[in-house]
Amino acid sequence: MMRIERFKLLAPLALTALVLAGCSGEQEELAQWMEQQRREVKPDVPPLSPPKKFNPQSYAALTGVEPFSTQKLTVALGRVTREPSSLLSAEINRRREPLEAYPLDSMTMVGSVVKTGRPYALLKVDNLLYQVKPGDYLGQNYGKITKISETGVSLREIVQDAAGEWIERTSALQLQEKAR
């Protein structure tokens, strides 16, 4: 009985020793191949070119107006306030309406009505309901209502483009229907 248990213990040990002995021959062969490859392959790395010499230049525009000076900024802003666009000049001189204090994205159209043949839109702003007609102003970009339909309000806005010029653009508020 003792021999069988001893055999059970020694058999895995003997098997492991045999496997390791078989691997050692492959390791030597692999090491020889790696050494041969290392001797045969020569790396081809081109040499780095020397860095270019830096020649400092003096700043020639030192006597001119600094590009970020407050003087230049005030001159540019003064020109804009003296010469407003013809689109903007008419809008600046008129009396502001209550819905011009709110941005367009805070307004929702909840309905439309026709009274005495004239279309009106119902706008919800800050949980209050407003009735507007063509010609009324709304939004913070001098938006004037041009058309009201059953499904939306079209308006003309005056905005600044990337170059700082005042241009007209069309916007719309669409009827917002609640899901049932």
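Higher on the page you've got the structure.
What comes next is a walk through the structure. (Residues numbered from 1 in each chain as written. Predicted model: local features only at pLDDT ≥ 70, side-chain atom pairs only at ≥ 80, totals over all residues. Heavy atoms only, no water.)

### Regarding the nonpolar core
Move 1: Ranked by internal contacts, the top residues of the largest apolar core, which has 14 residues, are Leu99, Met107, Leu123, Leu138, Val153 and Leu173.
Move 2: Elements represented by at least two residues in this core include exactly β2 (118–125), β5 (143–148) and β6 (152–160).
Move 3: Examining the composition of this core, we find that three residues originate from one element, β2, more than from any other.
Move 4: For Val153, the residues in contact, after removing those within four places along its chain, are Met109, Ala121, Ile145, Lys147, Ile148, Ser171, Ala172 and Leu173. (Core = buried A, V, L, I, M, F, W, Y, C linked by side-chain atoms within 4.5 Å. Buried < 20%, exposed > 50% of the residue type's maximum accessible area, 1.4 Å probe, protein only. Helix = DSSP H or I, 4+ residues; strand = E, 2+ residues; numbered from the N terminus. Contact = heavy atoms within 4.5 Å.)

### Side note on the pairing of strand β1 (residues 108–115)
The two faces of the sheet receive side chains in turn, since in a regular strand these alternate between them.
Move 1: Note that β1 and β2 share seven bridges and pair antiparallel. Each bridged residue has a counterpart across the sheet, and for Ser112 the counterpart in β2 is Ala121.
Move 2: Here β1 folds back onto β2 in antiparallel fashion, the turn holding two residues, of which Thr116 has a positive phi close to 45 degrees. (Pairing = 2+ DSSP bridges.)

### Focus: the pairing of β2
Move 1: Where β2 and strand β3 (residues 128–132) come together, five bridges link them in antiparallel fashion. If you follow Leu123 over to β3, its bridge partner there is Tyr130.
Move 2: In this structure, the hairpin formed by β2 and β3 is closed by a connection of two residues, where Asp126 is found at a positive phi of approximately 50 degrees.

### Here we look at the sheet that holds β5
Move 1: Judged by pairing direction, the sheet is antiparallel, and its four strands sit side by side in the order β4-β5-β6-β7 without closing on themselves. Edge positions in the sheet fall to β4 (137–138) and β7 (166–174), since each has one partner strand and no second.
Move 2: Pairing analysis gives four bridges linking β5 to β6, with the strands arranged antiparallel. Bridge assignment links Ile148 to a residue of β6, and that residue is Val153.

### Structural notes on unusual backbone geometry
Move 1: Phi is positive for Thr116, which is not a glycine, with a value near 45 degrees.
Move 2: Mapped onto the fold, Thr116 is located in the loop between β1 and β2.
Move 3: Positive phi, normally seen in glycine, also occurs at Asp126, with a value near 50 degrees.
Move 4: On the secondary structure map, Asp126 appears in the loop between β2 and β3.

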